[in-house]
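Spelled out, the chains give:
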Amino acid sequence: MSDRRETVLVAVGGDSPDQWLPEFAQAFPEGDAVWLPDAAPEQIAAADWAIVWSPEASLLDRLKGVRALFSLGAGVDHLMGAKNLPEGAPIVRYVGRDLTHRMSEWVVLQCLLHLRLFRTYERQQSARQWLRPHQPGAEEVTVGLMGLGVLGQDAAKKLATIGFRLRGWSRTEKALDGVDCFHGPEQYDAFLAETDILVSLLPHTPATERLVTLDVLKRLRRDGALGGAFYVNGGRGKTQIDADIDMALRNGLLAGASLDVFETEPLPRDHPLWTAPNVFITPHAAAWSPRSDVVRYVVRQIRRHRLGEPFENVVDPVLGY
Ligand code: NDP
Ligand code: OXD
């Protein structure tokens with residue numbers, strides 16, 4: 001094992017070095033972290049590792065020596081389109097307890113906002129109305145989760161404790177306690193047919209791009225206990241067609257939606273979705289990765305590599321997630 005001090009290049013635009021460098025100084029005494037805007041060209045070329053978020057293509061060209069690229073986020077679509085990824089360097093995505101819990105909180109919150117008629121009560125409050133419309137129980141409502149990975153499975157567990165009926169859809173076959181599992185395109189219709197609240201925690205890949213269309217939304221159950229179909233997306237915006245979601249909300253195909261992600265982000269100020277009926281919009285803020293956790297995660301991966309152990313959560317470049 002060499003005694004050379006290894007370096008991690010931190011290339012996270014929008015952040016500041018004091019969010020990262022002190023964390024690395026503490027967690028990575030055996031190496032050094034370099035902040036991209038302050039890095040000399042030779043430091044970039046010599047970096048052993050890099051942590052990135054939506055890097056400029058020109059940076060990837062200069063990272064020829066890295067042994068792995070760490071994605072700041074769980075999603076890696078910000079890297080997948082690049083033609084000049086460093087050869088032979090796996091992409092390791094971030095998976096962390098805090099991020100997972102936050103996403104589940106967001107999903108549970110959105111399902112409950114729709115179950116418990118939150119928008120109706122908001123409207124009633126502004127009109128000073130004392131009305132009590134019927135509210136079905138969670139156990140009468142089926143949440144259909146698209147994506148049964150790290151985030152989908154955790155959300156399923158937490159939704160189950162509230163009492164929702166659960167079904168899930170993934171690429172490969174799964175068996176999960178308390179979840180009716182479907183997989184692949186051939187089982188998609190059956191999955192949708194008895195779903196009242198469709199929740200997407202899918203990655204954006206060539207196979208999931210523009211998956212959620214008007215035609216898909218038409219196939220959801222609209223005569224269930226909630227009296228309509230709902231759509232919740234905390235995964236990636238490019239897996240849906242924003243205009244179709246807007247149309248479905250306006251023509252009643254959808255009774256409500258919660259959207260954290262959009263085809264174009266930030267959502268343009270004049271986009272009709274801002275004012276669509278019964279929509280909750282959050283600015284890609286459902287879950288995030290605390291920098292201290294990410295640093296510890298990256299250092300753990302580097303140490304695993306040094307001990308000859310495999311990296312965790314390596315992305316399959318062909319599947320794109
Ligand atoms: P995972 O890779 O653990 O899970 C992805 C799931 O999607 C898997 O169940 C996978 O199926 C399924 N899937 C992928 N492609 C298809 C397909 N073609 N058809 C059906 N199912 C498919 O990812 P995570 O759960 O960790 O994260 C999911 C996504 O959430 C991230 O990629 C990211 O884009 C997004 N995200 C959004 C955040 C936000 O703040 N809005 C924060 C963090 C993440 P299988 O199990 O068979 O492989
Ligand atoms: C992620 C995100 O992918 O924050 O982690 O979107």
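Above this text you will find the structure in question.
So, how was this worked out
Residues numbered from 1 in each chain as written. Chains lettered and ligands numbered in written order. Predicted model: local features only at pLDDT ≥ 70, side-chain atom pairs only at ≥ 80, totals over all residues. Heavy atoms only, no water. Core = buried A, V, L, I, M, F, W, Y, C linked by side-chain atoms within 4.5 Å. Buried < 20%, exposed > 50% of the residue type's maximum accessible area, 1.4 Å probe, protein only. Helix = DSSP H or I, 4+ residues; strand = E, 2+ residues; numbered from the N terminus. Domains from an automatic or database assignment. Contact = heavy atoms within 4.5 Å.

Caption draft 1: View of the nonpolar core. Among the nonpolar cores identified, the biggest contains 49 residues, and W20, L145 and I197 are the most heavily contacted of them. Here the element with the most residues in this core is helix α5 (residues 97–115); it accounts for seven residues. When residues of this core are sorted by domain, at least three fall in each of domain 1 (6–96 + 289–306) and domain 2 (98–281). Beyond its immediate chain neighbours, meaning those up to four positions away, I197 contacts C111, V141, T142, V143, G144, F164, L226, F230 and V232. Core analysis: the second largest hydrophobic core is formed by 28 residues, L214, Y231, A257 and L273 among them.

Caption draft 2: Spatial organisation of the side chain of R167. Along the chain, R167 turns up in strand β7 (residues 165–170). Residues in contact with R167, not counting those within four places in the same chain, are T142, V143, G144, L145, V179, D180, F182, A190, F191, E194 and T195.

Caption draft 3: The arrangement of unusual backbone geometry in detail. Residue P266 is reached from E265 by a cis peptide bond, and omega for that bond is -10 degrees. At S54, a residue that is not glycine, the phi angle is positive and equals roughly 45 degrees. Note on placement: S54 falls in the loop between β3 (49–53) and α3 (57–62). The phi dihedral of L117 falls on the positive side, at around 55 degrees, and the residue is not glycine. Looking at the element boundaries, L117 is found in the loop between α5 and α6 (118–126).

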